[in-house]
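Residue strings, one per chain:
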Amino acid sequence: MPAFRVIPSLALGGLALTTMPVGCADDEGLDFLERAALAPSQPAFEGRFETRIANLDDGTARTLHVLVSQDDEREIVLDPSMEIGRDAIVRVWGDEIEAGVIEVESFEVLAQPPVPLIDAEPRPHRRIATVLLQWEGATQVNNPTARDRMFLADDSTNVYYGEISYGIDKMAGNVFGPYDIPMPASCNATAIAAAGMTAFRERGHKDTDYRQFMWVFPSLSCGWAGLGSVGSPDFPARDSWYNGNFGCVVRNQEIGHNFGMGHSHSYTNCVDDEGLPVPFFSDENCTHVEYGDPYDPMGSGCYHMNVVQKTYMKWLDECNIVRATADGTFNLLPTELPCNGTQALRFPAHDGRDYWLEYRRPLGFDAALNGVLVHVAGDGAGSPSPYIIRLSQSWFLPEGSSYTDPQGSVTFTVEELNDTHAVISATFPGGGSGSPECRGGSSPMMEAGAVGSLECAAEPYPLDTSPPTVKIVYPEHEGRIAPGSDFAIVAEAADDRGVTELELFFSIDGAEAMKVDSIFDPVEGCEGAPGETCLWEWQVRNIPAGTYELGVRAWDGPNWTESWVVEGRGHVVYVTDDPGPDESDETGAESTGPVSGDAGEEDTDGDGPGATESKGCACRYDAGGSPASALGLFALAWVVRRRRRA
């Protein structure tokens with residue numbers, strides 16, 4: 001393959017980057033740019049670059065590069081020397097080696113990838129829209145079931161990621177649809193997402209309110225059950241696709257790909273240089289099993305992710321990860337609990353990677369597990385590719401058992417399996433050298449005669465069962481405002497784990513209550529941290545006369561609370577020039593058109609995160625319209641709401 005170099009492109013009216021084969025002049029003496037400008041002889045395609053991982057039906061996986069352009073895509077085959085940043089806008093030239101697949105000979109970067117913003121707070125709630133798609137005669141999963149699986153049930157994706165990340169990553173979002181789209185003519189994932197996004201926007205929803213989109217649709221003959229674009233923990237990719245499958249493993253795995261995680265593998269049929277069977281030797285001497293880890297959804301099991309994946313996600317850090325290169329005894333704490341001590345214990349393997357030891361206890365999502373598991377992997381930086389090693393029939397290394405590296409780099413033994421921790425001893429040739437070291441370079445403490453703190457929480461990160469608090473603080477209840485006024489509706493909300501969303505409802509002169517808008521951030525200057533009370537506001541301009549009843553619903557992810565003044569009664573505001581009765585007059589106007597009344601019908605349009613019913617209000621607007629059009633019915637001018645700066 002040709003070598004490539006980067007040169008400035010002057011033909012784009014600005015600085016771009018162009019790659020071209022070194023010394024690549026054609027028979028007429030024209031270099032690549034000159035030839036391309038005259039009449040490119042090879043097919044060209046332009047689009048946004050992304051990498052995807054497809055989980056194939058035959059149990060293997062495939063990593064592919066694609067260029068996405070509006071509702072179309074092309075797979076491209078790159079030489080290993082070609083490096084393109086995710087989300088860069090690229091034009092490629094090359095031969096179409098099969099339908100829709102271009103083998104790239106050269107490419108030009110038209111726009112560099114965007115630089116991810118640094119969030120004002122570490123790991124804010126992951127805002128995910130799960131969009132259900134269907135076509136005539138074909139459905140996948142209904143809305144209430146999908147909401148349970150994503151946000152509400154004890155084994156939902158929301159609860160799962162909260163537990164395995166020790167509360168660092170929490171989900172917030174909604175399930176939308178099912179929406180009818182034309183049956184796809186092919187398995188073009190970009191086209192399916194484009195059709196789904198059109199339906200999503202037509203219902204008045206804003207795609208900018210969500211960072212990630214899950215496209216769930218009936219089974220097509222694609223050769224894959226799940227597909228995920230690859231991103232990073234702090235800059236996740238947007239899209240994942242679920243082809244006739246929305247089970248625990250595929251849900252959590254495709255979102256994991258969005259965060260940049262690779263699959264969790266295993267080795268089988270390993271032999272040493274003499275042909276004798278061993279649990280592990282080398283890539284060349286073992287059979288690779290793509291989804292071979294049975295205790296990790298990045299493999300094939302809906303349990304906690306292994307400690308290599310957790311290190312990559314920074315759910316484990318500092319002295320949660322200890323590496324040793326000399327003889328010693330070590331405390332190893334359960335991977336299911338938030339802990340200050342060692343949960344990933346590393347010893348060097350003969351091939352330059354490390355053994356990663358973890359202790360599984362029957363807690364939370366690991367309720368059926370107990371024992372020490374061993375993986376082989378690199379240092380946990382970059383997209384991980386861990387391999388579980390089968391050291392017994394059940395994969396777990398039993399108490400009293402030892403394992404020795406096939407070339408003798410280390411021997412480690414499970415000395416004790418306690419409810420609170422395991423005790424591991426390690427010996428190295430000649431005793432080894434150096435001191436145990438935490439990730440980042442600090443030294444672990446000693447406790448109970450072994451290396452590593454024993455400090456852990458008593459239970460896994462628990463399910464969030466406490467709803468937020470919320471109330472409208474302006475205008476005051478039964479207050480009066482002059483017609484044509486400009487003002488802000490202000491609500492006050494707080495939650496023990498942080499408020500994720502506030503929804504505003506109103507009715508006028510006894511009409512049915514309508515959802516107006518959702519906001520996801522408090523006013524600037526308040527972070528919305530767990531336990532922090534913040535103000536949230538909507539700006540109103542030129543309000544017309546009438547009797548209004550307002551309601552606000554606050555969410556913390558799975559739980560919600562409405563701002564009732566009293567049961568079944570909303571926050572009344574009179575927009576009138578009438579000054580009203582004297583303060584001594586206790587016979588003021590009564591509320592009409594309550595925001596919170598009888599339970600509504602099943603919500604299938606995603607108007608509340610995780611709610612299967614609009615419990616307590618007829619909080620709906622026309623499915624074909626939008627919050628803005630609903631406001632237009634009452635000639636109320638709503639302006640852009642104020643947000644805190646990210």
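The present account deals with the structure reproduced in this document. Just so it is clear, the model here is predicted, and its values are computed rather than measured. For every chain, the first residue of its written sequence is number 1, and the numbers climb from 1 along that sequence. Where local features are concerned, this predicted model is filtered to residues with pLDDT of at least 70; where side-chain atom pairs are given and counted, the filter is 80 or more; whole-chain, interface and lining totals use all residues. Side-chain calculation: all heavy atoms of the structure are included, whereas hydrogens and water are not.

1. Some remarks on the overall build of the protein
To keep it simple, the criterion reads: In DSSP terms, a helix is any run of H or I states spanning at least four residues, a strand is any run of E spanning at least two, and both are numbered starting from the N terminus. The cut-offs for exposure are 20% and 50% of the maximum accessible area for each residue type, with area from a 1.4 Å probe on protein chains only; residues under the lower value are buried, those over the upper are exposed, and the others partly exposed. Note on contacts: a residue pair is in contact if any heavy atoms of the two residues lie within 4.5 Å. Note that accessible areas follow from Shrake-Rupley with a 1.4 Å probe, and for residues the cover is restricted to the protein chains shown.
Counting its regular elements, the protein contains 7 helices and 36 strands. A burial count over the protein gives 53% of its 646 residues as buried. Partitioning the contacts of the protein with sequence separation of at least 6, the portion at a separation of at least 24 is 66%. Of the accessible surface of the protein, which amounts to about 26,800 Å², a share of 49% is contributed by carbon and sulfur atoms.

2. Considerations on the nonpolar core
Note the threshold: What we call a nonpolar core is a set of buried Ala, Val, Leu, Ile, Met, Phe, Trp, Tyr and Cys residues that are connected through their side-chain atoms within 4.5 Å.
Core analysis: the biggest nonpolar cluster contains 34 residues, and Tyr161, Phe246, Ile255, Met261 and Met305 have the highest contact counts within it. At the level of elements, β8 (126–134), α2 (143–152), α3 (157–164), β9 (171–180), β10 (212–217), α5 (248–258) and α6 (307–312) are the ones that each hand at least two residues to this core. Each residue touching Met261, except ones within four places of it in the same chain, is listed here: Ile53, Tyr161, Gly256, Met298, Met305, Gln309, Tyr312, Met313, Ser383 and Pro384. Judged by nonpolar contacts, the second largest core, of 32 residues, contains Val374, Phe412, Val414 and Val451.

3. Describing the pattern of salt bridges
What counts is decided by this rule: Salt bridge criterion: a side-chain nitrogen from Lys or Arg within 4 Å of a carboxyl oxygen from Asp or Glu.
With the rule as written, the count across this model stands at 25 salt bridges. The closest approach of N and O atoms between Lys471 and Glu492, which form a salt bridge, is 3.8 Å. Of this pair, Lys471 sits in strand β27 (residues 469–474) while Glu492 sits in strand β29 (residues 487–494), and the two are 21 residues apart along the sequence. Through salt bridges with shared partners, a single ionic network connects Arg48, Glu50, Arg52, Glu73, Arg86 and Asp87.

4. Observations concerning the state of the cysteines
The test is simple: For this text, the term disulfide refers to a pair of cysteine sulfurs within 2.5 Å.
Applying the stated criterion across every chain, the model contains 6 disulfides. The partner cysteine of Cys339 in its disulfide is Cys456, sulfur to sulfur 1.9 Å. Handedness of the Cys339-Cys456 disulfide follows from its S-S torsion of about 105°: it is right-handed. Of this pair, Cys339 sits in the loop between β16 (328–332) and β17 (344–348) while Cys456 sits in the loop between β26 (450–451) and β27, and the two are 117 residues apart along the sequence. Sulfur-sulfur distance for the disulfide between Cys526 and Cys534 comes to 1.8 Å. An S-S torsion of about -80° defines the bridge between Cys526 and Cys534 as left-handed. The exposure classification of Cys526 matches that of Cys534, with both residues buried.

5. Details of the sheet that holds strand β15 (residues 321–323)
Keep this limit in mind: Two strands qualify as a pair provided DSSP detects at least 2 bridges between them.
On the basis of which strands lie adjacent, the open sheet formed by 8 strands has the order β14-β13-β20-β19-β18-β17-β15-β24 and mixed pairing. Strands at the two margins of the open sheet, each flanked by one partner only, are β14 (287–289) and β24 (437–438). For strand β13 (residues 265–268) and β14, the ladder comprises 3 bridges, and the chain directions are antiparallel. The residue of β14 that forms the bridge with Tyr267 is His288.

6. Focus on the pairing of strand β18 (residues 354–360)
The two faces of a sheet get side chains in turn, since along a regular strand they alternate between them. Counting buried residues in β18 gives 7 out of 7 residues, a clear majority hidden from the surface. Taken together, β17 and the strand that follows it, β18, pair antiparallel across an intervening segment of 5 residues, in which Gly352 is found at a positive phi of about 95°. Where β18 meets strand β19 (residues 371–377), 7 bridges bridge the pair, whose relative direction is antiparallel. Within β19, the position partnered with Glu358 by the bridge is Leu373.

7. Side note on helix α4 (residues 189–202)
An α-helical turn contains 3.6 residues, so any two residues separated by three or four positions project in the same direction. As a reminder, the rule being used: The span you would expect from a helix comes to 1.5 Å times its residue count less one. Within 3.5 Å is the distance limit for a polar contact, defined as a pair of N or O atoms, with the added protein rule that one can donate a hydrogen and the other accept it, and that residues adjacent in sequence qualify only through two side-chain atoms.
The terminal C-alpha atoms of α4 lie 20 Å apart, and with 14 residues this matches the ideal 20 Å at 1.5 Å per residue to within 8%. Here α4 has its buried residues at Ala189, Thr190, Ile192, Ala193, Gly196, Met197, Ala199 and Phe200. The opening residue of α4 is Asn188, an N-cap whose side-chain oxygen sits 3.1 Å from the backbone nitrogen of Thr190. Phi for Gly204, located one or two positions after α4, is positive at around 90°.

8. Describing the environment of Val104
Residue position: Val104 is located in strand β7 (residues 101–111). The spatial distance from the C-alpha of Val104 to the C-alpha of Trp93 is 5.8 Å, given a sequence separation of 11 residues. When sequence neighbours within four positions are dropped, the list of residues in contact with Val104 reads Ile76, Val77, Leu78, Met82, Val92, Trp93 and Gly94.

9. Quick look at the side chain of Ser425
Inspection of the secondary structure assignment puts Ser425 in strand β23 (residues 422–427). Residue classification places Ser425 among the buried residues on the basis of a relative accessible area of 14%. In terms of polar contacts, Ser425 uses its side chain to reach the side chain of Glu415, at 2.6 Å. Contact partners of Ser425, with chain neighbours within four places excluded, come to Gly328, Thr329, Thr411, Phe412, Thr413 and Glu415.

10. Some points on the pairing of β23
Among the 6 residues of β23, 5 are classified as buried, and the element is accordingly described as predominantly covered. Across 5 bridges, β16 lies against β23 in antiparallel orientation. Of the residues in β23, the one forming a bridge with Gly328 is Ala426. The turn linking strand β22 (residues 411–417) back onto β23 is made up of 4 residues.

11. A few points about the packing of aromatic side chains
Where we set the bar: Any two rings among Phe, Tyr and Trp, with Trp reduced to its six-membered ring, count as a pair given centres within 6.5 Å; such a pair is stacked if its planes are under 30 degrees apart, edge-to-face if over 60, and tilted if neither.
As enumerated under the stated definition, the model contains 27 aromatic pairs in all. Measuring from ring centre to ring centre gives 6.5 Å for Trp135 and Phe217, while their planes differ by 35°; the resulting arrangement is tilted. Of this pair, Trp135 sits in the loop between β8 and α2 while Phe217 sits in strand β10, and the two are 82 residues apart along the sequence. Taken as a pair, Trp135 and Phe217 share a single burial class, namely buried.

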